[in-house]
Amino acid sequence: MRVLDVGNMNDWQRRSPLDWETYVNKMVKVAAIEKHEYEGWVLTVDPVSASVVLAAFLENEKVSISVVLGHAVQEVQILKEGDDEMKQRLSCIFAPEESKAYSPEELEKRKNNLKTWLETNHIPVTEQGESGRTLCVAGVLTIDPPYGPEECSSSNEIILSRVQGLIQGYLEKQE
C-alpha cells in the first residue's frame, strides 16, 4: 500500500502545529524557493497555510514584519533563542497603543478601581478569562484592558452605549 502525496506539500507544511510552536520567539533563517532567505524572530506560524510570520527590529524602535508563505518554505534554521525580554518585545508588537502605556501593575489597579466603582453603583461585574483580565458586566458586556469605553464589547447596543457612557463619566471624574 502506498501513501499518496497530498498535492505538492513540502516537509514544512506537513509538520504539526506543535512542531511549529517550537519556533515561536526564536531568531531563525528561513530558506525559501528561488534561493530567497529571510531572517527574523518568529511571531507565529499559521496553522492552516504553514506561513511563517517574522519580525525584525530596525533602528528607532520600528519593526518590520515579513510573511514567508508556507508553500515557499524549504528549511527553517534556529539561530538564537529568545530571552524573556525579547519574548516581551515580540508580544507587544501587535498590542494596541493604549495598553503599551500601562504596566501590568497599572492595568491591575485600573481594573480593580473600575470593578469597585461598578459594584458601588450596584452594577453586577465579574472577572473572566484565564488571568481574570477581562471584566464582565451583567453577563452581557465585556471590558478588556486598559478598561476604557473603547474596550467595551456587547451584542446589546443599548447596554453597550449606557455602560460606555458610565465608564466615560467615571474616567473623567478620575482625572
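Coordinates for the structure precede this section.
Quick caveat, the model's predicted, so the values are computed rather than measured. (Residues numbered from 1 in each chain as written. Predicted model: local features only at pLDDT ≥ 70, side-chain atom pairs only at ≥ 80, totals over all residues. Heavy atoms only, no water.)

**Points about the side chain of Lys-111**
Okay, step 1: By the secondary structure assignment, Lys-111 is in helix 5 (residues 104–120).
Okay, step 2: At 3.2 Å, the side chain of Lys-111 forms a polar contact with the side chain of Glu-127.
Okay, step 3: In contact with Lys-111, other than residues within four places in its own chain, are Glu-127, Gly-132, Arg-133, Leu-135 and Tyr-147. (Helix = DSSP H or I, 4+ residues; strand = E, 2+ residues; numbered from the N terminus. Polar contact = N/O pair within 3.5 Å; in protein donor to acceptor, adjacent residues only side chain to side chain. Contact = heavy atoms within 4.5 Å.)

**Comments concerning unusual backbone geometry**
Leaving glycine aside, a negative phi is the common case for residues, and trans is the common case for peptide bonds.
Okay, step 1: Note the cis peptide between Pro-145 and Pro-146, where omega equals 5 degrees.
Okay, step 2: The phi dihedral of Glu-34 falls on the positive side, at around 60 degrees, and the residue is not glycine.
Okay, step 3: Position of Glu-34 relative to the elements: it lies in the loop between strand 1 (26–32) and strand 2 (37–45).
Okay, step 4: Phi at Ala-50 takes a positive value of approximately 65 degrees, unusual for a residue other than glycine.
Okay, step 5: Here Ala-50 is to be found in the loop between strand 2 and strand 3 (52–57).

**Some details on the pairing of strand 7 (residues 134–137)**
Okay, step 1: Here strand 7 shows no split at all, with Thr-134 and Cys-136 on one side and Leu-135 and Val-137 on the other all buried.
Okay, step 2: Bridge count between strand 6 (residues 125–128) and strand 7: four bridges; the pairing is antiparallel. Bridge assignment links Val-125 to a residue of strand 7, and that residue is Val-137.
Okay, step 3: Connecting the antiparallel pair strand 6 and strand 7 is a turn made up of five residues, with Gly-129 showing a positive phi of about 95 degrees.
Okay, step 4: Bridge analysis of strand 7 against strand 8 (residues 141–143) gives three bridges, and the strand direction is antiparallel. By the bridge assignment, Cys-136 is partnered in strand 8 with Thr-142. (Buried < 20%, exposed > 50% of the residue type's maximum accessible area, 1.4 Å probe, protein only. Pairing = 2+ DSSP bridges.)

**Focus: the sheet that holds strand 4 (residues 63–68)**
Hydrogen bonds between backbone atoms are what pair the strands of a sheet, whose relative direction is either parallel or antiparallel.
Okay, step 1: Reading across the sheet, the five strands line up as 4-3-2-1-5 and stay open at both edges, with antiparallel pairing between neighbours. At either margin of the open sheet sits one strand with a lone partner, and together these are strand 4 and strand 5 (73–81). Along the sheet, successive strands turn relative to each other by an average axial angle of 40 degrees, direction set aside.
Okay, step 2: With seven bridges connecting them, strand 1 and strand 5 associate as antiparallel partners. For Lys-26, the partnering residue across the bridge sits in strand 5 and is Glu-81.
Okay, step 3: Contacting strand 2 and strand 3, helix 3 (residues 84–91) crosses the sheet at an angle of about 110 degrees to strand 3. (Axes fitted to C-alpha atoms, helices over the stretch in contact; angles between N-to-C directions.)

**Details of the packing of helix 5 against helix 6 (residues 157–174)**
Okay, step 1: Look at helix 5 against helix 6: their axes get within 12 Å of each other, and the N-to-C directions meet at 115 degrees. Between helix 5 and helix 6, the crossing angle belongs to the class labelled roughly perpendicular. Here the hand of the crossing between helix 5 and helix 6 comes out right-handed. Every residue of helix 6 that contacts helix 5 at Arg-110, Asn-113, Leu-114 and Trp-117 is listed here: Leu-166, Ile-167, Tyr-170 and Leu-171.
Okay, step 2: Partitioning the contact of helix 5 with helix 6 into residue classes produces six nonpolar, one polar and one charged. (Parallel < 35°, antiparallel > 145°, perpendicular 65-115°, else oblique. Left-handed = near helix turned anticlockwise from the far one by under 90°. Nonpolar A, V, L, I, M, F, W, Y, C, P; charged D, E, K, R; others polar.)

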